[in-house]
Amino acid sequence: ALGCMSQCLSSMTRLTSLSIETPENVGCCLAELTQLQLLELRCSLCLHDLQHVMRWFPSLRHLDAKPIRCDWGATTDLNLKALNALESLNLNLQSGVYAEFFGEITSVVSLQNTPGDPISFAALSTFPKLRHLGAFLNFPEHYMSNIFSQVLAQLTSLQLEMSKKFPRPDLTVIADKL
């Protein structure tokens, strides 16, 4: 089905924005659409395909990605630095994909983590453009740390989900740290 779709889309050379809503990896489909001059892209991609997006679409400015862990092998060979050329990168992390994988990427403006997966506020502090965070907090230490307060200070939008296993945080304590 994705192959047929890429044939149809490849003839639409005036497209500058593309959104493919499917939980599947669309990397193989995107690799066939390199003649498009996309400025905006929204899709699900394997981590290894994500590193090729800027080569496929050098004019891309905004990427809204759901990175998928398709290969549970090593991630040390990932080279995502080309994503720094983006004006904005929105990440909706899927299970097994962590913010640490994007530590060298300065274009991250929005990040949503998967409930149940740990979130590293140290990793988030390396994203200078981060303005939106959607985080599932499992442990009280998450929202009591100084680094969490530093990350909060740069945000303009915050969506928190708290674990039911732990007491709700005192938001005035968090606000006092800002």
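All of the points below concern the structure found in this document. (Residues numbered from 1 in each chain as written. Predicted model: local features only at pLDDT ≥ 70, side-chain atom pairs only at ≥ 80, totals over all residues. Heavy atoms only, no water.)

## Points about the environment of Leu38
Among the secondary structure elements, Leu38 is positioned in the loop between helix H2 (27-30) and strand S2 (40-46). With a relative accessible area of 0%, Leu38 lands in the buried category. Counting along the chain gives 20 residues from Leu38 to Leu18, while the straight-line C-alpha distance between them is 7.2 Å. Filtering out sequence-adjacent residues up to four positions away, Leu38 remains in contact with Leu15, Thr16, Ser17, Leu18, Phe57, Ser59 and Leu60. (Helix = DSSP H or I, 4+ residues; strand = E, 2+ residues; numbered from the N terminus. Buried < 20%, exposed > 50% of the residue type's maximum accessible area, 1.4 Å probe, protein only. Contact = heavy atoms within 4.5 Å.)

## Focus: the nonpolar core
Within the largest apolar cluster, 49 residues are counted, with the highest numbers of intra-cluster contacts made by Leu30, Leu41, Phe57, Leu63, Phe102, Leu111 and Leu124. Filtering out sequence-adjacent residues up to four positions away, Leu63 remains in contact with Leu41, Leu50, Val53, Leu83, Leu86, Ser88, Leu89 and Asn90. (Core = buried A, V, L, I, M, F, W, Y, C linked by side-chain atoms within 4.5 Å.)

## Section: the layout of surface pockets
The calculated volume of the largest pocket comes to roughly 250 Å³. What lines the largest pocket is a set of 17 residues, among which Ser44, Asp64, Lys66, Asn92 and Gln94 lie closest to the centre. Breaking the lining of the largest pocket down by element, the ones donating at least two residues are S2, strand S3 (62-68), strand S4 (88-92) and strand S5 (108-112). Counted by class, the lining of the largest pocket contains five nonpolar, eight polar and four charged residues. (1 Å grid on protein atoms, 1.4 Å probe; cavity = no way out; pocket = protein on both sides within 12 Å on 5 of 7 lines; lining within 4 Å. Points joined across faces, edges and corners; volume = space filled by probe spheres on them. Nonpolar A, V, L, I, M, F, W, Y, C, P; charged D, E, K, R; others polar.)

## Section: the environment of Gln37
Of note, Gln37 is situated in the loop between H2 and S2. For Gln37, a relative accessible area of 47% corresponds to the partly exposed category. C-alpha of Gln37 to C-alpha of Phe57: the two residues are 20 residues apart in sequence and 6.6 Å apart in space. Not counting the four nearest positions on each side in its chain, Gln37 is found in contact with Leu15, Thr16 and Ser59.

## Here's the deal with the sheet that holds strand S7 (residues 157-162)
With parallel pairing, seven strands are arranged side by side in an open sheet as S1-S2-S3-S4-S5-S6-S7. In this open sheet, the two edge strands, each paired with only one partner strand, are strand S1 (17-19) and S7. Across the sheet, the mean angle from the axis of one strand to that of its neighbour is 20 degrees, orientation sign disregarded. In this structure, S4 lies alongside S5, joined through four bridges in parallel fashion. Paired with Asn92 across the strands is Gln112, a residue of S5. (Pairing = 2+ DSSP bridges. Axes fitted to C-alpha atoms, helices over the stretch in contact; angles between N-to-C directions.)

## Considering helix H7 (residues 146-154)
Here H7 has its buried residues at Phe148, Ser149, Val151 and Leu152. Angular distribution of buried residues about the axis of H7 spans 160 degrees; they occupy a single face of the element. Opposite the buried face of H7, by more than 90 degrees, sit the exposed residues Asn146 and Ala153. (Arc of directions from axis to C-beta.)

## Describing empty space enclosed by the protein
All told, the structure shown has three cavities of 30 Å³ or more when counted by the stated rule. In terms of lining residues, the largest cavity is bounded by Leu93, Val97, Tyr98, Ala99, Asn113, Thr114, Asp117, Pro118 and Ile119. When grouped by side-chain class, the residues that make up the lining of the largest cavity number six nonpolar, two polar and one charged.

## Observations concerning the pattern of salt bridges
A full pass over the atoms with the stated rule returns two salt bridges. A salt bridge links Arg42 to Asp64; its shortest N-O distance comes to 3.7 Å. With Arg42 in strand S2 and Asp64 in strand S3, this pair connects stretches of sequence that are 22 residues apart. Owing to a relative accessible area of 39%, Arg42 belongs among the partly exposed residues under this scheme. Asp64 gets classed as partly exposed once you look at its relative accessible area, which sits at 22%. (Salt bridge = Lys/Arg side-chain N within 4 Å of Asp/Glu carboxyl O.)

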